[in-house]
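# Observations on the model geometry
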Amino acid sequence: MMAVAFSLAKREFTRFARQPQRVIGAVAQPLMFWLFLGAGMGTSFRPPGLEQVSYLEYFYPGVMVMMLLFASVFACITIIEDRDAGFLQGVLVAPVSRMAIVLGKVLGATAIALVQVLLFTIAAPFLGLSLSLFGVVLLVMGFILTSVGFAGLGFFLAWGMRSTSGFHAIMMVFLMPLWMLSGALFPISGAPAWMNVVMLVNPVFHALEIIRAPFYGGGLDLLGRSGYLLSLAVVAAWAGLSLLGSMRRVSRREVGV
Amino acid sequence: MIQINSLTHTYPGSRKQAPRTALDALSLSVREGEFAILSGPNGSGKSTLFRILCGLALPSSGAVHIGGIDLLAQPEKVRRILGVVFQNPAVDKHLSVIENLRIHADLYGIKGADFSRHCDEALAWTDLADRLNQRVETLSGGLARQVELAKVLMTRPRVLLLDEPTTGLDPASRRNFLAALQKVQRDRGITVLMTSHVFSEAEDVDRVAIMCEGKLLAFDSPQALKAMIGTEMVVVQPMGEVEDLAAILRAELGLAVRRHGDELRLEETENGEGLPMLESILERWRGQIKSISIKQPDLEDVFVHVTGRAVPDHAVKKELPR
Ligand SMILES: Nc1ncnc2c1ncn2[C@@H]1O[C@H](COP(=O)(O)OP(=O)(O)OP(=O)(O)O)[C@@H](O)[C@H]1O
Ligand SMILES: [Mg+2]
């Protein structure tokens, strides 16, 4: 199963690398978002308890999550065209486990996302942020889990879609709000109570937590914090469930009435 | 090898659209090692049948066995012995020819020396030898189609389903492909079910099935099918109103006269009967006739006869040399 998944994932990556405009788009958009918003918000961002933190720094992990989201969405959008009239037709009739088909896409998307977000991590020292060695390990784990969660969710949603424009709509009204309500743009503490609840059940909030934590918490000691562990568990569950859900969708055959 | 028993498939309707029955109690069985062609007007349900045969859709009712395995219950077992060419391209345009082949080999667990051997065999008939590293998007439509076909032959399937595989190929590559396919098919005893609108492809296959509106109308060897409508036929092109002359011929000769576009066809004529008939028609109704001829029926005529309508336009167009 893994051999097939890796072969399919490699295809995703090759395709990505061959479309320079996609590489540029995926990296440049979040980067611009970060720099412009960071510069614009500059001094007006003073939430209680975070007086020392510039907006550029506050927003930094949020942009990372955004990159992971975009990479997954871009990878999953091809599912719609590929399934009914393209490459996936041949994969679906091949003697491969349905999970391998899902994993191929998800791992491909994750590899692409990792390259982008690791490049972006180079900016950390310029913000005065530092990572311990174990912190790097935890950070990469956070990247991978989050990316698998997004790609799995993207796969699940795209499989049910007939058109790419429908998927764009889902992206705008569902995936982007998940990200906006994750604490990426503003801290959860300042939001109204109802929004607080939404944010807490939002897996992207927890993804942001486990990506932000290594920049501030050091290394090993993070594993002793219940807040961190809870978020880690939520993100892992999200990733696992979205993979299972996607696999079930792929296995289901359309039925005549 | 392929056994289809009273298969019915109805697509669920939506608010704007009534449910549509694409297959209607269709039964068909293809023997092991047989080369069968499936033909039928557009929308007659061929692709629907293929979606079911490759395990992508579950029919409303009926049963399908491939190689003795119940396809509807165990599609994953059937996939191992199945090769499918889809009506729409299934190659990745952004990848090179060889990359496409390699991924496909990975899906079927073909590695190392096996891969090069299968690959050489599958590419032998194509014009792709010096283009293996070229991306598929930079190939012509026909060459891209060749990649598709090579990809499927590479996995050495025991049962091969092809949905209009030669669409877009020029006559030479179509012939090459069919020759290669028939050679592989005979050498390996592959069972082939292929849809096609090009009747010249069907002349030397084992059996030809003709379906219409989800029902199987005929399934027999090309010879037997042609014998169905006699060994000769007289084709008349009337000068004026087609139906007028049709009515006259029917009344005066007491023969079945079929209209096909602007022609009238007198079928089921045996050898040697055609000429006297032609002469007597010409003698009596000369003024109303633009042209008249005798021809030996081919499969296209059988198709017209059986489905009661003209061959779809685009099929005719496909026959034109490019
Ligand atoms: N996804 C679908 N939903 C609803 N109806 C469909 C769907 N796919 C096909 N049909 C209908 O089922 C019928 C059979 O279609 P099918 O594609 O099997 O025909 P076909 O014989 O392959 O035609 P062609 O020669 O044009 O390829 C048609 O009436 C078509 O409109
Ligand atoms: Mg079709």
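Given the structure is predicted, the values throughout are model-derived calculations rather than measurements.

## Considering the overall build of chain A
When helices and strands are tallied, chain A shows ten helices and one strand. Listed N to C, the secondary structure of chain A is α-α-α-α-α-α-α-α-α-α-β in terms of helices and strands. Counting only C-alpha atoms, chain A reaches 60 × 40 × 35 Å along its principal axes. Among the 257 residues that make up chain A, the fraction classed as buried is 55%. Here chain A holds 16 positive side-chain charges and 9 negative ones, and the gap between their average locations is 9 Å.

## Observations regarding the coordination of the magnesium ion (ligand 2)
Tetrahedral coordination by four donors sets the ideal angle at the metal to 109.5 degrees; octahedral coordination by six donors sets it to 90 or 180 degrees. Donor atoms from the polypeptide that bind the magnesium ion (ligand 2) are S47 of chain B (OG) and Q87 of chain B (OE1), placed at 1.9 to 2.3 Å. Of the two residues, S47 of chain B sits in helix α1 (residues 46–53) while Q87 of chain B sits in the loop between β7 (82–85) and α3 (97–107), which places them 40 residues apart along the sequence.

## Looking at the interface of chain B and chain A
Counting from both sides, the interface comprises 34 residues of chain B and, opposite them, 26 residues of chain A. Across the chain B-chain A interface, the total number found is four salt bridges. Here D92 of chain B makes a salt bridge to R11 of chain A, at a shortest N to O gap of 2.4 Å. With five residues, α3 of chain B is the single largest residue contributor to the side of chain B that touches chain A. Residues that form the side of chain B that touches chain A fall into these classes: 19 nonpolar, eight polar and seven charged. Relative to strand β4 (residues 57–58) of chain B, strand β1 (residues 254–255) of chain A runs parallel, the two being bridged by two bridges. Along β4 of chain B, the bridge assignment pairs V255 of chain A with L58 of chain B.

## Here's the deal with the sheet that holds strand β6 (residues 69–70) of chain B
All names here are of chain B. Pairing is antiparallel in the open sheet, where four strands are placed in the order β2-β1-β5-β6. Unpaired on one side and paired on the other, β2 (20–30) and β6 mark the two borders of the sheet. As judged from the seven bridges shared by strand β1 (residues 2–11) and β2, these two strands associate in the antiparallel manner. From the neighbouring strand, H9 faces β2, where its bridge partner is L23. Where α1 meets the sheet, its contacts fall on β1, β2 and β5 (61–66), and the angle it forms with β1 comes to roughly 115°.

## Things to note about the confidence of the model for chain B
Residue and element names in this part refer to chain B. Per-residue confidence for chain B gives a mean pLDDT of 87; residues scoring 70 or more make up 96%. Of the regions scoring below 50 in pLDDT, residues 310–322 engages in 24 contacts with residues more than four places distant in sequence or in other chains. Confidence metrics for the complex model read pTM 0.86 and ipTM 0.86.

## A closer look at a nonpolar patch on the surface
A cluster of nonpolar side chains, namely L31, M32, L35 and F36 of chain A, defines an oily patch on the protein surface of about 380 Å² accessible area. Position of M32 of chain A among the secondary structure elements: in helix α2 (residues 20–41).

## Notes on the site of ligand 1
Residues and elements named next belong to chain B. Surveying the vicinity of ligand 1 reveals 13 residues, the closest of which are N42, G43, K46, S47 and T48. K46 is positioned such that a nitrogen or oxygen atom in its side chain is 2.8 Å from an oxygen atom of ligand 1. Burial of ligand 1 by the surrounding chains reaches 68%, relative to a free accessible area of 640 Å². Mapped by element, the contributors of at least two residues to the shell around ligand 1 are β2 and α1. Top contributing element to the shell around ligand 1 by residue count: α1, with three residues. Here the shell around ligand 1 is composed, by residue class, of two nonpolar, eight polar and three charged.

What counts, and where the lines are drawn
Residues numbered from 1 in each chain as written. Chains lettered and ligands numbered in written order. Predicted model: local features only at pLDDT ≥ 70, side-chain atom pairs only at ≥ 80, totals over all residues. Heavy atoms only, no water. Helix = DSSP H or I, 4+ residues; strand = E, 2+ residues; numbered from the N terminus. Buried < 20%, exposed > 50% of the residue type's maximum accessible area, 1.4 Å probe, protein only. Lys, Arg positive; Asp, Glu negative; His and termini not counted. Charge placed at Lys NZ, Arg CZ, Asp CG, Glu CD. Donors = N, O, S within 2.8 Å, 3.2 Å for Na, K, Ca; no water. Contact = heavy atoms within 4.5 Å. Salt bridge = Lys/Arg side-chain N within 4 Å of Asp/Glu carboxyl O. Nonpolar A, V, L, I, M, F, W, Y, C, P; charged D, E, K, R; others polar. Pairing = 2+ DSSP bridges. Axes fitted to C-alpha atoms, helices over the stretch in contact; angles between N-to-C directions. pLDDT = per-residue confidence, 0-100. Patch = residues over 30% accessible without salt bridge, like charges linked within 9 Å, V, L, I, M, F, W, Y side chains within 5 Å. Areas by Shrake-Rupley, 256 points an atom, 1.4 Å probe, with all protein chains shown as cover. Near = heavy atom within 4 Å. Polar contact = N/O pair within 3.5 Å; in protein donor to acceptor, adjacent residues only side chain to side chain.

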